[in-house]
Amino acid sequence: MDINHYSPSYSGLEGRSFYSFKDFSPEEIYEILHTARLLKLKNSVGERQPYLSGKDLLMITNPEYSSEAISFRLAVKQLAGSLISMPLEEKHVQSLIESTDETAALACYGVSGIIVNTSNRHDAKVLARNTDLPVINAHGKTGPCEALAAMLTCWEKFGKLKDLTLCIIGNVREHSQIFQCAFKCGMNVRTVAPKEFAPTEEDRDAASIYSSLTCYESVEKGVKDCDAVYVSPNSGFGQDYILTADAFELAAPNAVFLHPMPIDRTTEAESFVCDGPQSATSEMAKNLIHAEKAVLALTMGKPITD
């Protein structure tokens, strides 16, 4: 189904945890994206969005991942919720998430949901198994909200998602959420990485259900005629995998450049690409908070009306 043919109900995800797109159908992803677009519209006209009013949320975070922590704090605030932040050392994080007694107590205290922003990508998943509360993965690399922001940006730019071609440069095994989200939205996906960092056979099989997947080791071949190019942060593959201005010119004439920021202009993409007229990084950053608000409102909030 195309996102433009989907009729949102702005509901249906109450009480769900959100740490991976593997557990979400295309329709559920469309529900989040439609909700994000609605909340963005409400925000633009100054309409109040009190969908977390009276709700107390807990954020478990490491200071290292401050950008995601800041955006989620703002998202909760804009939805009129209350947020308790717990900056924990790694050993204390593990103690909390692995203790069913401690997590059960959080629900008894009246916490409505938990946002996990730690260095271990599996923390949110483990915590979700140990509590009935909805748990959101806010991990900077493996959390799903950055991917939603990228999809929302492409939808706004092109008016559709289905049949667009997205090139992902980087380690999709490490940054799997953008990959999973894109093919479930019907995008034709290309990946560019050394062979040992290409998608797994399991991921390739999953992608083939929804769209096409082609894997390249050459940036120039992967980028050619693409509608959007996403560079995953900190891949560390060397000079052969930097998105140069010459390579980006091979993309479609109206192609957009996507990156969750901050961008390393020496190892990820050249300044001409990052700061040029086709860069959509600022739009993606703005859309992140609306994507996060949509996830929070749908899983933990009060009913949304359009």
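The present account deals with the structure reproduced in this document. Here the structure is a predicted model, which means the values were calculated and not measured.

## Brief notes about the pairing of strand 7 (residues 213–216)
Where strand 6 (residues 188–192) meets strand 7, 4 bridges bridge the pair, whose relative direction is parallel. The residue bridging Val192 from the neighbouring strand is Tyr216, located in strand 7.

## Some thoughts on the environment of Val93
Counting through the fold element by element, Val93 comes out in helix 3 (residues 90–97). Once residues lying within four places of it in the same chain are set aside, the contact partners of Val93 are Ile60, Leu88, Thr118 and Asp123.

## Considerations on the packing of helix 1 (residues 26–44) against helix 6 (residues 145–158)
Remark: helix 1 packs on helix 6, axes separated minimally by 10 Å, with the N-to-C direction vectors making an angle of 70°. Between helix 1 and helix 6, the angle is such that the two are roughly perpendicular. Helix 6 is crossed by helix 1, and the crossing has right-handed handedness. Across the interface between the two elements, Ile29, Ile32, Leu33, His34, Ala36, Arg37 and Lys40 from helix 1 touch Leu148, Met151, Leu152, Trp155 and Glu156 from helix 6. When grouped by side-chain class, the residues that make up the contact of helix 1 with helix 6 number 8 nonpolar, 1 polar and 3 charged.

## Quick look at the nonpolar core
Counting 66 residues, the largest nonpolar core has Leu33, Leu148, Met151, Leu166, Leu258 and Leu296 as the members making the most contacts within it. Ranked by size, the runner-up nonpolar core spans 22 residues in total, among them Val219, Phe237, Ala269 and Cys274.

## A short note on helix 7 (residues 176–184)
Here helix 7 lies mainly inside the structure; 9 of its 9 residues are buried. Backbone geometry just downstream of helix 7 places Gly186 in the positive-phi region, at approximately 85°.

Each value, and the rule that gives it
As a convention, each chain's residues are numbered from 1 in the sequence order in which they are written. Selection of residues for local features in this predicted model requires a pLDDT of at least 70, selection of side-chain atom pairs for listing and counting requires 80 or more, and totals for whole chains, interfaces and linings are taken over all residues. The basis for the side-chain values is all heavy atoms of the structure; hydrogens and waters are excluded. For two strands to count as paired, DSSP must find a minimum of two bridges between them. Labels follow the DSSP assignment, with helices taken as runs of H or I lasting at least four residues and strands as runs of E lasting at least two, numbered in each case from the N terminus. By definition, residues are in contact when any of their heavy atoms lie within 4.5 Å. Every angle, taken between N-to-C directions, lies between 0 and 180 degrees, and every axis is a line fitted to C-alpha atoms, over only the stretch in contact when it is a helix. For this classification, under 35 degrees means roughly parallel, over 145 means roughly antiparallel, 65 to 115 means roughly perpendicular, and everything else is oblique. The hand of a helix crossing depends on one turn: near helix anticlockwise from the far one by less than a right angle means left-handed, and clockwise means right-handed. Residues were grouped as follows: Ala, Val, Leu, Ile, Met, Phe, Trp, Tyr, Cys and Pro as nonpolar; Asp, Glu, Lys and Arg as charged; and all remaining residues, including Gly, as polar. Put simply, buried Ala, Val, Leu, Ile, Met, Phe, Trp, Tyr and Cys residues joined by side-chain atoms within 4.5 Å make one nonpolar core. We call a residue buried when its accessible area falls under 20% of the maximum for its residue type, exposed when it is over 50%, and partly exposed in between, using a 1.4 Å probe and counting protein chains only.

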